[in-house]
Amino acid sequence: ISEAEDPQNVFFVIIRNSLKGHRIVNPIDLATVTGRMLWQIIDKLNFENDLYGVDVSKDMCDFLKKNLRRERKYTHSIKILNSSIEQLPKKLKTKSSLIISSFGFPSKISNRDLCLKELRAVHSLLTDDGVFITLGLDETFNYELSIALFSKPAHLLFRY
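Residues numbered from 1 in each chain as written. Predicted model: local features only at pLDDT ≥ 70, side-chain atom pairs only at ≥ 80, totals over all residues. Heavy atoms only, no water.

1. Structural notes on a nonpolar patch on the surface
Piece 1. A surface patch of nonpolar side chains, about 260 Å² in accessible area, is lined by Val 10, Phe 11 and Ile 14.
Piece 2. Position of Val 10 among the secondary structure elements: in helix H1 (residues 10-18).
Piece 3. You can call Val 10 partly exposed: its relative accessible area is 41%. (Patch = residues over 30% accessible without salt bridge, like charges linked within 9 Å, V, L, I, M, F, W, Y side chains within 5 Å. Areas by Shrake-Rupley, 256 points an atom, 1.4 Å probe, with all protein chains shown as cover. Salt bridge = Lys/Arg side-chain N within 4 Å of Asp/Glu carboxyl O. Helix = DSSP H or I, 4+ residues; strand = E, 2+ residues; numbered from the N terminus. Buried < 20%, exposed > 50% of the residue type's maximum accessible area, 1.4 Å probe, protein only.)

Printed below as a string of structure tokens:
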């Protein structure tokens, strides 16, 4: 959800309200790009330990690091990681109780294998009580993938 479509951050208010009472540890903003969700987490959520902004684009990671320094967002330990979703568990050796993705997951909904790899990667990063929120999907509708992602019990999706 872009800032132009949601200038009052209504979606984040809904997210924040749904997380009341949930202990947030090491939150992750997947596909952070300019850091819109990252800023919301910094300003509106209480969390423990580190906050991670992850993007596959090195240029966007560099841009975001500069913005964080310029805006003096030193309140929390913020780490920006250049990584694909699929490779993130190899780079990040910690668990998260909250992972948010805005249009970053899945990278390509028409590629079922990649989507399942990314979903497994996200699942491996979540704590047992962790929450994964994704805002927006690829606009290409894929019936088979929809069935795989939303109809099967989780234990079938996450068999390794």
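2. Considerations on the pattern of salt bridges
Two side chains of opposite charge can pair, provided their charged atoms sit close to one another.
Piece 1. As enumerated under the stated definition, the model contains three salt bridges in all.
Piece 2. In this structure, the salt-bridge partner of Glu 48 is Arg 23, at a minimum N-O distance of 2.7 Å. Of the two residues, Glu 48 is situated in the loop between helix H2 (36-44) and strand E2 (50-55) and Arg 23 in the loop between H1 and strand E1 (28-30); the sequence distance between them amounts to 25 residues.
Piece 3. Note on Arg 23: relative accessible area 54%, which makes it exposed.
Piece 4. Across the salt bridge formed by Lys 58 and Asp 62, the nearest N and O atoms sit 3.0 Å from each other. Taken together, the positions of Lys 58 and Asp 62, both in helix H3 (residues 58-70) and four residues apart, correspond to about one turn of that helix.

3. Quick look at the packing of H2 against H3
Piece 1. Close contact between H2 and H3 brings their axes to 12 Å; oriented N to C, the two are set at 30°. When the interaxial angle is binned, H2 and H3 end up roughly parallel. By crossing handedness, the relation of H2 to H3 is classed as right-handed. The residues of H3 that touch H2, namely those facing Leu 38, Trp 39 and Ile 42, are Leu 64, Asn 67 and Leu 68.
Piece 2. Tallied by class, residues from the contact of H2 with H3 come to five nonpolar, one polar and no charged. (Axes fitted to C-alpha atoms, helices over the stretch in contact; angles between N-to-C directions. Parallel < 35°, antiparallel > 145°, perpendicular 65-115°, else oblique. Left-handed = near helix turned anticlockwise from the far one by under 90°. Contact = heavy atoms within 4.5 Å. Nonpolar A, V, L, I, M, F, W, Y, C, P; charged D, E, K, R; others polar.)

4. Structural notes on the sheet that holds E1
Piece 1. Ordered in space as E3-E2-E1-E4-E5, the five strands form an open sheet in which the pairing is parallel. Looking at which strands have only one partner, the edges of the open sheet turn out to be strand E3 (77-82) and strand E5 (126-135). The mean angle between the axes of side-by-side strands here comes to 15°, regardless of whether they run parallel or antiparallel.
Piece 2. Here E1 pairs with E2 via three bridges, running parallel. Paired with Leu 30 across the two strands is Val 54, which belongs to E2.
Piece 3. Relative to the sheet, H3 contacts E2 and E3, its axis offset from that of E3 by approximately 160°. (Pairing = 2+ DSSP bridges.)

5. As for the side chain of Asp 50
Piece 1. Tracing the backbone through its elements, the reader meets Asp 50 in strand E2.
Piece 2. Within the structure, Asp 50 has its side chain in polar contact with the side chain of Tyr 52 (distance 3.4 Å).
Piece 3. Among residues more than four places away in sequence, those in contact with Asp 50 are Asn 26, Pro 27, Ser 77 and Lys 79. (Polar contact = N/O pair within 3.5 Å; in protein donor to acceptor, adjacent residues only side chain to side chain.)

6. Regarding the side chain of Gln 40
Piece 1. Along the chain, the position of Gln 40 falls in helix H2.
Piece 2. A polar side-chain atom of Gln 40 sits 2.7 Å from a polar atom in the side chain of Lys 44.

7. Some remarks on the environment of Asp 62
Piece 1. For Asp 62, a relative accessible area of 28% translates into the label partly exposed.
Piece 2. With 20 residues separating them along the chain, Asp 62 and Asn 82 place their C-alpha atoms 9.0 Å apart.

8. Description of the confidence of the model for the protein
Detailed reading of the predicted model is not advised wherever pLDDT is low.
Piece 1. Per-chain confidence: the protein averages 79 in pLDDT, with 71% of residues scoring 70 or above.
Piece 2. Per-residue pLDDT, averaged within each element of the protein, yields its smallest value for helix H7 (residues 154-157) (44) and its largest for helix H4 (residues 88-91) (95). (pLDDT = per-residue confidence, 0-100.)

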